[in-house]
Every structure is written in structure tokens, then in C-alpha cells.
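Here is what each chain is made of, one letter per residue.
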Amino acid sequence: MSIMDQRHAAVVETIGKVRAIEAEHGVTPAALDRLKPLLTSLASRAELFPREQFAVSEGQHGRIYRLAEDADHRFALYASAGVPGKAQPPHNHTTWAVISGVFGREHNVFYERTDNRAVPGEGRLEKRGELTVEKGNAVGFLPDDFHTIEVLGSEPSLHLHLYGLSLEHLPGRINFARNDGGAYKTFPANPNIAQLAIAPGELKAMIRDGEELAILDVREEGVFSRGHLLFAASMPLSHIETRMDALVPRRSTRVVVVDDDGGPLAQTAAYRLFDRGYKNIAVLRGGVEGWRQAGYEVFSGVFVPSKAFGEFVEHHDDTPRIEPTELKAWMDAGKKMVILDSRPMDEFSRMSIPGGIDCPGAELVYRVHDMAPSPDTLVVVNCAGRTRSIIGAQSLINAGIPNKVVALKNGTMGWHLAGLELAHGKTAHAPAPSAQGLAKAKAAAEGVGRRFGVKSIDHAGVQRFAAERDKRSFYLLDVRTSEEYRQGHLPGARHAPGGQLVQSTDLYVGTRNSRLVLVDGDGVRATMTAHWLLQMGWDEVYVLKDALAGQKLETGEEPVRLLAEPPAVATIAAGALDTALKRGGAVVVDLDTSLAYRAAHIPGAWFAIRARLGRSVATLPGDGPVVVTSPDGVNARFAAAELAKATTRKVLALDGGTAAWRKAGLPLVAGDEHWADAHDDVWYKPYDNQKGVEQAMKDYLTWEVALVDQLKRDGDTRFRAAPKA
């Protein structure tokens, strides 16, 4: 077990005992007498508190690291690091406190307040004793006890500080300027409380230890795409409340938060996650730049492990491929073929190969037997670039279909760059399989399952996994089409279409080395998806047997799983907002993606990014009300509460978000206008760019091919070659 997991377990156990002691004894000297040996025992485990994880920044005398804090801010535990000379004048806590030493020496002098408190702002202190707190001892304080602290000697110190209420929520703390009393001031909330920071080398070791780990990059996705750690998942601070629970469901998972430099953005995100229940959390010291300076690889792009895996598969399996010009010549010559596009319908409809039929990745083996019933029909698989073409074609080959199968080299981008015309707006989709086609698909998938060692699990096993979800992360993933999912799915199952799950695994699963259970109606798509995930290095992948038969199903879209309920904020209805905008004075801030904003937004709205909204508000015109909107209004409520603290302007959220505006039949406009922030919130596909599209396509395709060599330098992937047939 890693140090992070050992420390988390020890802290959780200690805090549990603390609660029990206070519940039994209250806030009394007897309670303190029981708490002191408990904290001393934890502090004596010095291996859980390595010096390098509790550093003091240059120029500072000390830093406080948060180890535990209840949701109601009670029973807070901190590691207080200090350098020689660090000192605090006489102060109280207004709650009980216990301090014990990990290393170093912290000298305490104890005082009693002896005045009658008749004069506000003044008091008198008398010394009552002193003790140097170090490893093996502890000191306790009742709410109105006073003490001073000073770090002695020439070595840094680290002490555990346990409180009945968190430091940010202690009311009316005071400190005296002199040891005998006199004037005193209210003790402000400490702004120097931080989440633990780990060095790049420590994180590298964690990646390789085989235990569960979630690396979360909290920058906006567009920034993330310029350079990030290989196994980092994009989790922008702007969307933590709406995305985190689905991506990293287990609250005790090891979580490492990453930003550019390990600074305020990472610390803010880490505390927000900590406050929402993720207690086993650390920040990468130095961020991406520190990782780079340590000599480790930094990757550009998105969904890099999946895309790199596609290149690995082509290299190892020598997946057959065809140049766009050769395919066009065969098409013109009337060669018998079917072109299957392995992307979702929205991507297919945007641009496709003429004559192509939409058949997303995991659907290929499921539907191909009716699409190409004759073995002399050439099957061509394409996507926009490379990964889904390669994986799709190799899926059919692994399944043993008798047809010749090829991947269209470089997909629709390669077709366009070859000067060939693409189709737009097409909606042809491969139909559901016939009984005969389904029988062939099942037989093919069963063969793949045997060859690749795909494991199955029954509903009792899933229930066991669910019961253990506090100890092991567990993802229940429905790999069917969106239509099938909406018609009926298992409660709690995420929708993760099989082809997209392989193509963009880190979009659905944020915890490495977790348990994955795949669901479909007959095992074909789940088995085909599982065999790829196993090769990608996911050890615990299971196909749920008889997944849907006889089960109580839920209908509709996948629900948004919020970390917390949206705060209560002032709202405005769509009709009232329309009236306010016509009268002038109000300004709308749209938190949708920059791509969606460009396609359609409320007339006059300004694009902004939630995590930087406090800064962007200064660019908004006028001084009237600011109305925040988001697609469904949920993120707008979180943002409105934050913005209200950063501006003197009235702030409201659009009730129901832009969806409510649309439902009311109110107008939307398209275009590039009113940018209150840089549009680096999402990764732009090459064809999303408004200029230099062809060069962007070339750069992207070159980048994909180069991933194999970069992976070799990084050394952390566990891709597995396919076993011999």
C-alpha cells in the first residue's frame, strides 16, 4: 500500500476514534487526556509524514497542510511544518486542540487569561507552564486556553494539530502582542493552509505501483491539450461538481491534482475536492512544468493513451490499410465493397466518405454480417483520423470475418488532404442485425473472448463489487448505442459506447487499475470492447452475463451525478430575461463550450469560463445585472454563487439555463462575438479551426504516428500484444 493510502487509512481511523471520545466525554480535560495519546500514536508513525511532502516554501516560516476535515468542518487535522525561528504570540483556539510532534521541537508556553473581560480589546495573561512538544509527547488545550509556540533548534519541525473545528471556521480567535496580555486582535483565518504536495518522482512511482490512482488535470481542456501527463484525465475546475462523481466515484481513491505549476489553481481544485469528500488527495509539486523539468515526458493532444494504443495495434498487428486515392480508384471501378464509418452519428453527419455507412466501433462485429454477407465484399473501416479506423478494422479481423478488411489510412482527413470530396449531412446507419447476423456476431465474439481471456461476471458478482465500492473503484459501463441506453439501462450504469470507450477511455474512467464491468444485451459489443481494454492494460475487465434479461431498467438519458447540490442563488426566468435584455442594462454570460457558443447563443451574450469568471467580469459592459447561463442551468448556479463574491454587480442565474431559453422559443444567434475570455476551454479538432485547417490536419496525423516513439521514452504504458490466434 502506498504512503498516501496508508496515511489516509491511519487518519480516517484516528478521526473515527476522536469522534467517539468527544461524544463520550465532551469538551473536557478528560477528553483531552484521551486524545493526546491517540494523536501521539499517529504522529509517531513518521514514515507516513515524509519531510519532502511537508515542505515550507522559501521565504516562509511555516505552512499548514490539511489532513482531515469533516463535511461540517469539525474534527480537523493538520500537519504544521515550521522552520527554526517560527513563532506565534499568545493565542487561543475557541475550540479544543491537541498537538503532537512528528519531528523537530516546538516549544509551548501556557497562559491563563485572568482579567474580567470588562475592557473590549484588552486582557491580562499569567504564565501557567511550558512544554517542548516533540515526537512521543502531546499537549492539549480547552477552547479558552492560551499558548505561544516557537520552533527550537536548527532543524525544521512537523507537528500534528487536531482541532474540534477547522481553522477557517473558528469564531473569535484572538492573539495578544505581549506575553502578559494588553491589547489583543482578532486572529484572522489562516490563508496558508494547503493540500499535500508530492514530487514528480513520487508520482512516477505511484503510476507504476499497480494501485488505484486518479491523476486529474484541472486546467481547461484546451490548455490541457497543449501539454499534460500521459495518464492525466482532463477535469477542469470549471466542471468539478458536474463531472467528478462519474469520473472518480470512490471518495478514498488516491487523487493527484495537476496544473501548470502546482500553484493556486491546483490548490483551489484540491480543496474543493477535499471539501466534497475526496480526502486522499495531493497536488503535484511544480505541476506540468515540474514534471517536464524532472525529465519526464509531456504529451500534447487529448485521449492520448487510447490514440497511442491504436498506433501500437497497427504496428504490432500490421493492420491492413488503404490509401485514399487507391480506395477512390476501386470505388470508381465498381469494386464490391462496404464502407463503415466507426464514429458516432454526429461526427459522421458532419463529414463522411461518399457512400459510407455509420457503424460506430463496438457495433462493427455486431452489425457487419448483414452489411457484408458475401465474403467477397471488401470491408473498409474509417474514422476522422487513425485510431478508430485501426481499432475498428482490427476488431473485424480479430473476430475472424471471412471478408478482406482494410482501414482507410488517415480517415476523412486523409481523404480531404488527398483532394477528394467528402459528403456532408449524411445519416445512413447500419441496421440492427438480423437473427442470422446476430448468431454470427455472437459466435465471433465468443471466439474473441476465448482467445483474449475475456472474463464474465454475473449479477451477484456485480452486487459484490458494488458493496466493496468504498475499497475498490467500480465502473458499470453500458456500451450500447444511445438509443438503446435511453430505452432501458441498469440503474447506475454510465453510457459509454464501446468504440468511444476504447477511443477515449479517460473520458469515462478516471481511476487507473479500477474494476470495469461492461453491459450490453447479448455480450457481443461488451466482449469486443473488453478485449481491447485488456490489451490496453486494464486487468479487471468483466462482461456482465445476461446483463439486461429480467432486470428492472431505468429509461432516459444518463443523469448528471453532482458532487453537491447547486447553491441557492437569485434566478431569472427566460421570458423575464428577454424583457430585461430588450430594456437594456443586463448582460448575459454564457458558460457553454466556445464551440457551442459559436454555433448558438443568446443574442448579446458574452462567452466566459467559470474558473476565470471573477477575472472576466471586469471586461463586461455596463454596471447592470449579470445573468449567468449554462446548457441546463446547473453550472450557472455554481458560477453565480462564486461570481457574487467577486463583483458588486447584481448576479443571477438563468433558471433552466439556455435549454429553458430555447424551450421558450426565444431566438439564438451564431457567430464570433463578445469573448470575455480566451477560447481555450476545449480541444479544437483540426476541422474545428477557422483557418489553416489542412495544416492542422497534417500536424494531427503526424502527431498520432509519433506517439509510439514518445510512449517508449515514457515507459509507463502496459499495452499487450494480441495472443496468437
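The sections below set out a description of the structure shown in this document. These numbers come from a predicted model, not from an experiment. (Residues numbered from 1 in each chain as written. Predicted model: local features only at pLDDT ≥ 70, side-chain atom pairs only at ≥ 80, totals over all residues. Heavy atoms only, no water.)

### Points about the pattern of salt bridges
Phase 1: By the definition in use, this model includes 59 salt bridges.
Phase 2: A salt bridge links Arg251 to Asp245, with the shortest nitrogen-to-oxygen separation between them at 2.8 Å.
Phase 3: For Asp245, a relative accessible area of 11% translates into the label buried.
Phase 4: Arg612 is paired through a salt bridge with Asp677; the nearest N and O atoms lie 2.9 Å apart. Remark: Asp677 occurs in the loop between helix 24 (657-663) and helix 25 (693-714) and Arg612 occurs in the loop between strand 30 (606-607) and helix 22 (613-616); sequence separation between them is 65 residues. Across this residue pair, the class does not change: Arg612 and Asp677 are buried.
Phase 5: Within the structure, one salt-bridge network assembled from shared partners comprises Glu212, Arg250, Glu468, Arg472, Arg515 and Glu540. (Salt bridge = Lys/Arg side-chain N within 4 Å of Asp/Glu carboxyl O. Buried < 20%, exposed > 50% of the residue type's maximum accessible area, 1.4 Å probe, protein only. Helix = DSSP H or I, 4+ residues; strand = E, 2+ residues; numbered from the N terminus.)

### Examining the side chain of Thr505
Phase 1: Note on placement: Thr505 falls in helix 18 (residues 505-508).
Phase 2: Once you skip the residues sitting within four places of it in the chain, Thr505 turns out to touch Ser306, Gln500, Leu533, Met536 and Trp538. (Contact = heavy atoms within 4.5 Å.)

### A closer look at the sheet that holds strand 18 (residues 321-322)
Phase 1: The sheet built from five strands is open, its strands ordered 18-22-21-19-20 with parallel pairing. Here the strands that pair on one side only, and so sit at the sheet edges, are strand 18 and strand 20 (357-358).
Phase 2: Direction of pairing for strand 19 (residues 337-341) relative to strand 21 (residues 378-382): parallel, over a ladder of five bridges. If you follow Leu340 over to strand 21, its bridge partner there is Val381. (Pairing = 2+ DSSP bridges.)

### Things to note about the packing of aromatic side chains
Phase 1: What the rule picks out here adds up to 19 aromatic pairs.
Phase 2: The interplanar angle of 50 degrees and the centroid separation of 5.5 Å between the aromatic rings of Phe312 and Phe719 together place this pair among those described as tilted. A residue pair is termed long-range when its members are at least 10 positions apart, and Phe312 in helix 8 (residues 304-317) and Phe719 in the segment after helix 25 qualify at 407 residues.
Phase 3: Judged by relative accessible area, Phe719 falls into the buried class, the value being 17%.
Phase 4: Put simply, the rings of Phe309, Phe312, Trp532 and Phe719 pair up and form one aromatic cluster.
Phase 5: The ring of Phe103 carries Arg51 above its face, with NZ or CZ at 3.9 Å from the centroid. (Phe/Tyr/Trp six-rings, centres within 6.5 Å; stacked < 30°, edge-to-face > 60°. Lys NZ or Arg CZ within 6 Å of the ring centre and 35° of its normal.)

### A closer look at the state of the cysteines
Phase 1: With the rule as written, the count across this model stands at zero disulfides.
Phase 2: Looking at Cys359, it has no disulfide partner, and the nearest cysteine sulfur is the one in Cys383, 14 Å off.
Phase 3: The exposure class assigned to Cys359 is buried, which follows from its relative accessible area of 0%.
Phase 4: The exposure class of Cys383 is buried, given its relative accessible area of 2%. (Disulfide = S-S within 2.5 Å.)

### Points about unusual backbone geometry
Phase 1: A positive phi angle, near 50 degrees, is found at Phe75, a position not held by glycine.
Phase 2: Among the secondary structure elements, Phe75 is positioned in strand 2 (residues 74-82).
Phase 3: Non-glycine residue Thr94 carries a positive phi angle of around 65 degrees.

### A word on the packing of helix 14 (residues 435-452) against helix 19 (residues 524-536)
The relative placement of two packed helices is expressed as an angle between their axes plus a distance between the axes.
Phase 1: The N-to-C vectors of helix 14 and helix 19 enclose an angle of 25 degrees; their axes lie 9 Å apart at closest approach. On the basis of the axis angle, helix 14 is roughly parallel to helix 19. Relative to helix 19, helix 14 is oriented so that their crossing is left-handed. Across the interface between the two elements, Ala441, Lys442, Ala445, Val448, Gly449 and Phe452 of helix 14 pack against Val524, Thr527, Met528, His531, Leu534 and Gln535 of helix 19.
Phase 2: Class assignment for the residues of the contact of helix 14 with helix 19 results in seven nonpolar, four polar and one charged. (Axes fitted to C-alpha atoms, helices over the stretch in contact; angles between N-to-C directions. Parallel < 35°, antiparallel > 145°, perpendicular 65-115°, else oblique. Left-handed = near helix turned anticlockwise from the far one by under 90°. Nonpolar A, V, L, I, M, F, W, Y, C, P; charged D, E, K, R; others polar.)

### Description of the nonpolar core
Phase 1: Membership of the largest hydrophobic core comes to 131 residues, with the highest contact counts inside it found for Leu77, Leu160, Leu203 and Val379.
Phase 2: Of the residues forming this core, the biggest block, eight residues, is contributed by helix 19.
Phase 3: Here Val379 is in contact with Val338, Leu340, Val368, Ala372, Leu396, Ile401, Asn403, Lys404, Val405 and Val406, once residues within four sequence places are set aside.
Phase 4: In terms of nonpolar packing, the next biggest core, distinct from the first, is built from 21 residues, Ala214, Leu216, Phe274 and Val283 among them. (Core = buried A, V, L, I, M, F, W, Y, C linked by side-chain atoms within 4.5 Å.)

### A few points about the sheet that holds strand 16 (residues 255-258)
Phase 1: Spatially, 13-17-16-14-15 is the arrangement adopted by the five strands of the open sheet, whose pairing is parallel. Among the strands making up the open sheet, the edge pair consists of strand 13 (197-198) and strand 15 (232-234).
Phase 2: Note: strand 14 (residues 214-217) against strand 16, four bridges, orientation parallel. When the sheet's bridge partners are listed, Ile215 is paired in strand 16 with Val256.
Phase 3: Contacts between helix 6 (residues 264-275) and the sheet are confined to strand 14, strand 16 and strand 17 (281-284), with strand 17 contributing the most and set at about 170 degrees to the helix.

### Focus on helix 6
Phase 1: The end-to-end C-alpha separation of helix 6 is 16 Å, in line with the 16 Å expected for 12 residues at 1.5 Å each.
Phase 2: Residues of helix 6 that are buried include every one of Ala266, Gln267, Ala269, Ala270, Arg272, Leu273 and Phe274, and no others. (Expected span 1.5 Å × (residues − 1).)

### Description of the pairing of strand 21
Phase 1: Counting buried residues along strand 21, five of its five residues qualify, which places the element largely inside the surrounding structure.
Phase 2: Neither face of strand 21 is open: one carries Leu378, Val380 and Asn382, the other Val379 and Val381, and all of them are buried.
Phase 3: Pairing of strand 21 with strand 22 (residues 405-408), which is carried by three bridges, proceeds in the parallel orientation. Considered in strand 22, the bridge of Val380 is made with Val406.
Phase 4: Regarding the hand of the β-α-β motif, the stretch spanning strand 21, helix 12 (residues 387-398) and strand 22 is right-handed. (Right-handed = clockwise from strand over helix to strand, strands pointing away.)

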